[in-house]
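# Coordinate inspection notes
Chain by chain, the residues run as shown.
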Amino acid sequence: MQHYTSLKDLDSLQITVQEAIELKKNELQFKTLGEGKTICLLFFNNSLRTRLSTQKAAQNLGMHTIVMNFGSEGWQLEFEDGVVMNQNKSEHIKEAAKVIAQYCNIVAIRAFASLTDKEKDNAEIVINSFEKYAGIPVVNMESATGHPLQALADAITMEENKVLHKPKVVLSWAPHPKALPHAVANSFVEMMQFQGADFVITHPEGYELNPEITKNSTIEYNQEKAFENADFIYVKNWSSYKEYGQVLKTDSEWMINADKMKLTNNAKFMHCLPVRRNVIVADEVIDSENSIVIQQANNRTYSAQIVLKKILENL
Ligand code: SN0
C-alpha cells in the first residue's frame, strides 16, 4: 500500500481487520520495521485520539514522530494555482509539501471540511495536493469527506464484539449544537458496504448523506423502527448535506436514551468520540455495560499501526 486516504486503499478490509487483531496481541512485534523512519503529523484541526493513537502506532513500529498544529502555528497555505498571493495566505502548497517531504518518510494530515463550499470539500483539495506535491505516502487523519482510520478501528471493534448471527448495524444521526462534518459517517457507510451485515441508516429528513456514498444503503426515517433488533448502534451527528453545512434540527427527540436501546437486540453502543453527553447520548447509555466507546478508541492505535505497517513495507 502506498497511500491511505480512503478505505479503498486496503486490498481487503476483512484481512486487515484480522491482521490488526493479531497485532494487538503483541503490539511491539514489528518494533524495528520503522527504525530510522519519520512520520510528520499535520493538524489543521483539533484532535485527541487521532493525534495520540497515531503517534503511539508509529512509535510501536520504531518510527520517529513530528507533530505540527498547522491550523494555529503554520503559515496559512494557498492551494489554488496561479493566484496573486497578496492577501493573508503566506505559502503555497507546492513549496510547503515538497519541503515537508524532505523531513519525513510519511505525512499524515487532518483537514476537516469547510462545510461552506460543497464542491471544494468534495474535491479534497488539501489531501490531494499533498499527494500531488509531496511525493511521499499520505495518510488521511480525517479529511473533508472521510475518516478511514476511524472506520477501520470501528471494523476491528465490531469484529471483537461479533455476534453469532448476521448482525444488524444501525448508523443513527443524533442532535448536536454545531455543524459537524460528514467524514466519519461517510467512512462508516463505506466500511459497512464491505461487510455482509444488515445495515440501516436512520436520520431525520433533510439529513441524507451524499447519495454517491450511501448508494443503495437502506434509509429508515423512523429511528425507533430502525433500532428494532439491532446488534450495533453507531451514533454520529452530521450537518445537512443537501442544505450544505446547515443545522436543521437540534431538539432532543433523536438523542439516544435507554428506552431506545431497549428496542434493540441488547445492542452495543458505539461513537467515535468526542461526544456531547446528554445531547447525542444520555449518560445512562454511554455509562452502560453495552457501551464500547473506550475499546473503540483503543483500537485507533491498531488501525493506524496496521496501516503504517503496510506503508512501511512498501517504502
Ligand atoms: C469531529 C467530526 O468530524 O464530527 C471529529 C470526530 C472524530 N467532531 C467534532 O468536531 C466535535 C466537536 C464538538 O464540539 O463536539
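It should be noted that the structure appears before, not after, this text.
Residue positions are counted from 1 within each chain, in the order its sequence is given. Reporting in this predicted model follows two pLDDT cut-offs: at least 70 for local features of residues, and 80 or more for side-chain atom pairs to be given and counted; totals over whole chains, interfaces and linings ignore these cut-offs and use all residues. The side-chain values count all of the structure's non-hydrogen atoms but skip hydrogen atoms and water molecules.

### Points about the packing of helix 7 (residues 148-160) against helix 8 (residues 183-193)
Every axis corresponds to a line fitted to the C-alpha atoms, with the helix fit spanning only the stretch in contact, and the corresponding angles, defined between N-to-C directions, vary from 0 to 180 degrees. Here a helix means four or more residues in a row that DSSP labels H or I, a strand means two or more in a row labelled E, and each is numbered from the N terminus. At a closest axis distance of 8 Å, the pairing of helix 7 and helix 8 adopts a crossing angle of 50 degrees. Judged by the inter-axis angle, helix 7 sits oblique to helix 8. Of the two elements, helix 7 crosses helix 8, and the hand of that crossing is right-handed. Here Pro148, Gln150, Ala151, Asp154, Ala155 and Met158 of helix 7 lie close against helix 8, whose contacting residues are Val184, Ser187, Phe188, Met191 and Met192. For this classification, the nonpolar set comprises Ala, Val, Leu, Ile, Met, Phe, Trp, Tyr, Cys and Pro, the charged set comprises Asp, Glu, Lys and Arg, and every other residue, Gly included, is treated as polar. For the contact of helix 7 with helix 8, the per-class residue count stands at eight nonpolar, two polar and one charged. An angle below 35 degrees is treated as roughly parallel, one above 145 as roughly antiparallel, one from 65 to 115 as roughly perpendicular, and anything else as oblique. By convention the crossing between two helices is left-handed if the near helix lies anticlockwise of the far one by an angle smaller than a right angle, and right-handed if it lies clockwise. We call two residues in contact whenever any of their non-hydrogen atoms come within 4.5 Å of each other.

### Details of the environment of Asn26
Mapped onto the elements, Asn26 comes out in the loop between helix 1 (13-25) and strand 1 (38-43). Partly exposed residues are those whose accessible area sits between 20% and 50% of the maximum for their type, while under 20% is buried and over 50% is exposed, using a 1.4 Å probe and protein chains only. Its relative accessible area of 41% is what places Asn26 among the partly exposed residues. Asn26 sits 34 residues away from Asn60 along the chain, and the two C-alpha atoms are 10.0 Å apart.

### Re the environment of Gly71
Mapping Gly71 onto the fold places it in helix 3 (residues 70-73). Its relative accessible area of 53% is what places Gly71 among the exposed residues. With 39 residues separating them in the primary sequence, Gly71 and Arg110 have C-alpha atoms 9.8 Å apart. Excluding its chain neighbours within four sequence positions, the residues that come into contact with Gly71 are Phe43 and Phe44.

### Considerations on the packing of aromatic side chains
Here a pair means two rings of Phe, Tyr or Trp (six-membered ring of Trp) with centres within 6.5 Å. Their orientation is stacked below 30 degrees between planes, edge-to-face above 60, and tilted elsewhere. Under the criterion given, the structure shown has six aromatic pairs. Residues Trp173 and Tyr207 carry aromatic rings whose centres are separated by 4.4 Å and whose planes lie at 40 degrees to one another, so their mutual orientation is tilted. Of the two residues, Trp173 sits in strand 7 (residues 168-173) while Tyr207 sits in the loop between strand 8 (198-202) and helix 9 (211-214), which places them 34 residues apart along the sequence. Given a relative accessible area of 1%, Tyr207 falls into the buried group. Plain terms: the ring middles of Phe188 and Tyr234 are 3.9 Å apart, the flat faces sit at 20 degrees to each other, and that makes the pair stacked. Taken together, the positions of Phe188 in helix 8 and Tyr234 in strand 10 (residues 232-236) put the pair 46 residues apart, joining distant regions of the chain. Each of the two residues, Phe188 as well as Tyr234, counts as buried. Connected via pairs of aromatic rings, a cluster forms that spans Trp173, Tyr207 and Trp254. One Lys or Arg, Lys118, reaches over the ring of Tyr241 and ends 4.0 Å from the middle of that ring. For the cation-ring pair, Lys309 lies above Phe30, with the distance from its terminal atom to the ring centre recorded as 4.5 Å. Criterion for a charge above a ring: Arg CZ or Lys NZ at most 6 Å from the ring centre, at most 35 degrees from the ring normal.

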